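Working through the structure, step by step
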Amino acid sequence: MTQYLMSVWHDEEYEVDFSTPDAQRQVAQVDAFNNELQAAGAWVFGGGLHPPSSATVLRAKTDGDVSMTDGPYAESKEQMGGFWVIEAADFDAALEWARKAAVACEGPVELRPFQDE
Amino acid sequence: MSDDDLTSVFRREAGRCTATLIRVLGEVDLAEDAVAEAFAIAAERWPVHGMPPNPGGWITTTARNRAIDRLRRESSRADRHRAAHRLQALAMEPDPDPELDDLDGLVDVVADDQLRLMFLCCHPALSPDAQVALTLRLLGGLDTGEIARAFVVPEATMAQRIVRAKRKLRDNNASYRIPEAAELPDRLGPVLAAIALIFTEGHTATSGDGLVRVDLSTEALRLGRVLVELMPDEPEAVGLLALMLLTDARRPARTTTDGSMVRLADQDRSLWDQARIREGHALVRACLRRNQPGPYQIQAAIAAVHADAPTSDATDWSQIVALYDQLYAFRPNPVVALNRAIAVGELRGAAEGLAALDALDAERLADYQPYHAARADLLARVGRTAESIEAYEGAIARTTNPAERGFLTRQLHRLDSRR
């Protein structure tokens, strides 16, 4: 078994307005997907993130001090919006979960394996 | 036993042995190294002791023993833990002895191994470039330099591409298995495309001195046969093999003794390889009976119509235009439309062919050499000489194959002298 990170990517401006039918549909889809992951025993951890404006970046400096900057690490149009950690028997099984994840959240999903322990 | 014997054993067996070793060891790099080591031992021993009756079995068994030795010797504690399971499984098998050729009974497994490896190399999560490179490396036994030359990229670039592809498969724990029926539509496509690309590169090489690279087209044919043998119920796999056979049948007539290119219309059809044509025809008929048409089968049918014609003039162009219409329904791309326009030019005359060509999206075909070559030919035939010369110059500028460039240059000079 290999653990994989499935990250969801959004436009940096993306913010969920739960009052819209679009958002409600997506939330329902993601809930159903989460249930499927859990029922299959593939679920390890997962969750949605607040917008990138909520991020803080900390950097260790050579003198041992740590600097802090407001905002996300990378200045990029696309930012991570949430993620899952799943466990899958092999690449193809993981790809199948990622395919379902992309359909459920209607956005691009990046799949990456964790290093072996 | 000569070096040639060893080279031909390598060409024939390296892919098979690597495929088996990957199944046994579960690791691509280790398997490749072990097979290379076994061939190095063979190069020392065979000239002295003679070639064993089953060279492939000898190589596989020797490579397996070497790999086991190496795992025991070199593996770190963590690796050892992982390898322990596999070694345990190996210990259950009869004691491997290279001289006994104990793999005779495993022919089916070996064939399956190749198919599994083909699907691994052409995993849909790899880029098409990486799929082709990995297929040639692991199944074709070509070295990185040869693959790099075939695709006109620096060797370092190709090496990096192959390493990256192998690493991606390893890190992601990609499984070494034949896809299930439900997955086949997604998974078979890249495998067919990779084999077709290898064949096309062999058929009209983008680099090198000659028009063709026989090693590449031969390898593509071999892979096509392996695929059909193992998946006889996949009509598109059969279609691709038929297409390759019918196309390769023309090879002896495609160049003159000095290596110049001869176009289809001018070829001496008595030089065509009749055995390949017969085999290709039989496969096309088998596809027709099944009646599940697909792009490769239709292209094979087009090649079969050409092969049927005793002379170029006797070609059934109406049939070919109809087949291109059918192909366009599957693959509505400008290249198919271009080939259809050329066929229209043969069926209804150059003026109509040119009209069909002019209706295409010229911008999307701007870098496509055959578009300029076809346009040059049609323009010349309707007497628009100046424009034709310009189109020939455009085609020549986009031609990387010397034989093809020679052909186009001769056409250009012929026109120029008539002006």
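Along every chain, residues carry numbers that run from 1 in the direction the sequence is written. Note on labels: chains are lettered from A, ligands numbered from 1, in written order. Restriction of local features to residues with pLDDT of at least 70 applies here, the model being predicted, together with a cutoff of 80 or more for giving and counting side-chain atom pairs; totals for whole chains, interfaces and linings are based on all residues. Note that water and hydrogens are dropped before the side-chain values are worked out from all heavy atoms of the structure.

**Observations concerning the overall build of chain A**
Counting from the N terminus, the helices are the DSSP runs of H or I reaching at least four residues and the strands are the DSSP runs of E reaching at least two. The helix and strand inventory of chain A stands at two helices and six strands. Each principal axis of the C-alpha atoms in chain A carries an extent, and together these give about 50 × 40 × 20 Å. Residues are treated as being in contact if the distance between any of their heavy atoms lies within 4.5 Å. Considering only contacts within chain A whose residues lie at least 6 apart along the sequence, 73% involve residues at least 24 apart. Surface accessibility follows the Shrake-Rupley procedure with a 1.4 Å probe radius. Residue values consider only the protein chains on display as shielding. For chain A, the exposed area adds up to about 7,600 Å²; of that, 53% sits on carbon and sulfur atoms. Only four residue types enter the charge count: Lys and Arg as positive, Asp and Glu as negative, with His and the chain ends excluded. One atom stands in for each charge, and that atom is NZ of Lys, CZ of Arg, CG of Asp or CD of Glu. Computed over 7 positive and 21 negative side-chain charges, the separation of the two mean positions in chain A equals 3 Å.

**Let's talk about the confidence of the model for chain B**
Residue and element names in this part refer to chain B. Each residue gets a pLDDT score, which is the predictor's confidence in that residue and runs from 0 to 100. This prediction gives chain B a mean pLDDT of 86; 89% of its residues lie at or above 70. No element of chain B has a lower mean pLDDT than helix α4 (residues 77-92), which averages 56, and none a higher one than helix α11 (residues 235-248), which averages 97. In the predicted structure, residues 94-107 sits below a pLDDT of 50 and forms 22 contacts with residues beyond four places in sequence or in another chain. Interface confidence for the predicted complex, expressed as ipTM, amounts to 0.82; the pTM equals 0.79.

**Here's the deal with the interface of chain A and chain B**
Taken together, the contact pairs eight residues of chain A with 10 residues of chain B. A 1.4 Å probe defines the accessible area here, and the buried area is the portion of it lost by two parts on being joined, summed over both. For the pairing of chain A and chain B, the buried interface totals around 800 Å² over both sides, and the portion due to carbon and sulfur atoms is 48%. Whenever Lys or Arg places a side-chain nitrogen within 4 Å of a carboxyl oxygen from Asp or Glu, that contact is recorded as a salt bridge. The partner of R187 of chain B in a salt bridge is D92 of chain A, and the shortest N-O contact between them spans 3.4 Å. Pairs of N or O atoms are called polar contacts if they sit within 3.5 Å, as long as, within protein, a hydrogen donor faces a hydrogen acceptor (for residues adjacent in sequence, only side-chain-to-side-chain pairs). If you look at where chain A meets chain B, you find nine residue pairs in polar contact (both at pLDDT 80 or more). Mapped onto the side of chain A that touches chain B, the elements with two or more residues apiece are β1 (2-11) and α2 (91-105) of chain A. The biggest single contributor to the side of chain A that touches chain B is α2 of chain A, with three residues. Residues of the side of chain A that touches chain B, tallied by class, amount to five nonpolar, one polar and two charged. Note on residue categories: nonpolar means Ala, Val, Leu, Ile, Met, Phe, Trp, Tyr, Cys or Pro, charged means Asp, Glu, Lys or Arg, and polar means any other residue, Gly included.

**A look at the environment of P21 of chain A**
Note that P21 of chain A resides in helix α1 (residues 21-39). C-alpha of P21 of chain A to C-alpha of V109 of chain A: the two residues are 88 residues apart in sequence and 22 Å apart in space.

**Describing the nonpolar core**
Counting residues in each nonpolar core, the largest one holds 104 residues, and the members touching the most others are M6 and W84 of chain A together with I59, L117, I195 and L227 of chain B. When residues of this core are assigned to their parent elements, the largest contribution, 10 residues, is made by helix α2 (residues 28-49) of chain B. Sequence-distant contacts of L117 of chain B, that is, excluding residues within four places in its chain, are made with G15, A19, I22, L138, L139 and Y176 of chain B. Here, nonpolar core means buried Ala, Val, Leu, Ile, Met, Phe, Trp, Tyr and Cys residues that are tied together by side-chain atoms lying within 4.5 Å of each other. Exposure is judged per residue with a 1.4 Å probe applied to protein chains only, and the accessible area is read against the type maximum: over 50% gives exposed, under 20% gives buried, and values in between give partly exposed. In terms of nonpolar packing, the next biggest core, distinct from the first, is built from 27 residues, L338, A376, L378 and L415 of chain B among them.

**Things to note about the sheet that holds strand β6 (residues 109-113) of chain A**
Residues and elements named next belong to chain A. Strand pairing is assigned whenever DSSP identifies at least 2 bridges connecting the two strands. As summarised here, the arrangement of the four strands in space is β2-β5-β1-β6, forming an open sheet in which the pairing is antiparallel. Where the open sheet ends on each side, the last strands, each with one partner, are β2 (43-48) and β6. In this sheet, neighbouring strand axes are inclined to one another by 20 degrees on average, regardless of whether the strands run parallel or antiparallel. Note on geometry: axes are lines fitted to C-alpha atoms, helical ones only across the stretch in contact, with angles between N-to-C directions running from 0 to 180 degrees. The strands touched by α1 are β1, β2 and β5 (78-88); relative to β5, the strand with the most contacts, the crossing angle is about 25 degrees.

**Some words on a nonpolar patch on the surface**
All names here are of chain A. On the surface, a nonpolar cluster with roughly 330 Å² of combined accessible area is contributed by Y14, V16, F18 and V27. Turning to its location among the elements, V16 is positioned in the loop between β1 and α1. Note on V16: relative accessible area 37%, which makes it partly exposed. Nonpolar side chains (Val, Leu, Ile, Met, Phe, Trp, Tyr) within 5 Å and like charges within 9 Å form the patches, drawn only from residues with over 30% relative accessible area and no salt bridge.

**A few points about the pattern of salt bridges**
All names here are of chain B. Overall, the coordinates contain 32 salt bridges over all chains when judged by the stated rule. In this structure, D248 and R276 form a salt bridge, with 2.3 Å as the shortest nitrogen-oxygen distance. Here R276 lies in helix α13 (residues 274-290) and D248 lies in helix α11, a separation of 28 residues in the sequence. According to the relative accessible area criterion, D248 is buried, its value standing at 4%.

**Points about the packing of helix α16 (residues 334-348) of chain B against helix α18 (residues 369-381) of chain B**
Residues and elements named next belong to chain B. Contact geometry for α16 and α18: axes closest at 11 Å, N-to-C directions at 20 degrees. Relative to α18, α16 is oriented roughly parallel. In this structure, α16 meets α18 at a crossing whose hand is left-handed. Between α16 and α18, the residues in contact are L338, I342, G345 and E346 and P370, Y371, A374, L378 and R381, respectively. Of the residues contributing to the contact of α16 with α18, the split by class is six nonpolar, one polar and two charged. For classification purposes, an angle smaller than 35 degrees is called roughly parallel, one larger than 145 roughly antiparallel, one from 65 to 115 roughly perpendicular, and anything else oblique. Left-handed is the label given to a crossing in which the near helix is rotated counterclockwise from the far helix by less than a right angle, and right-handed is the label when the rotation is clockwise.

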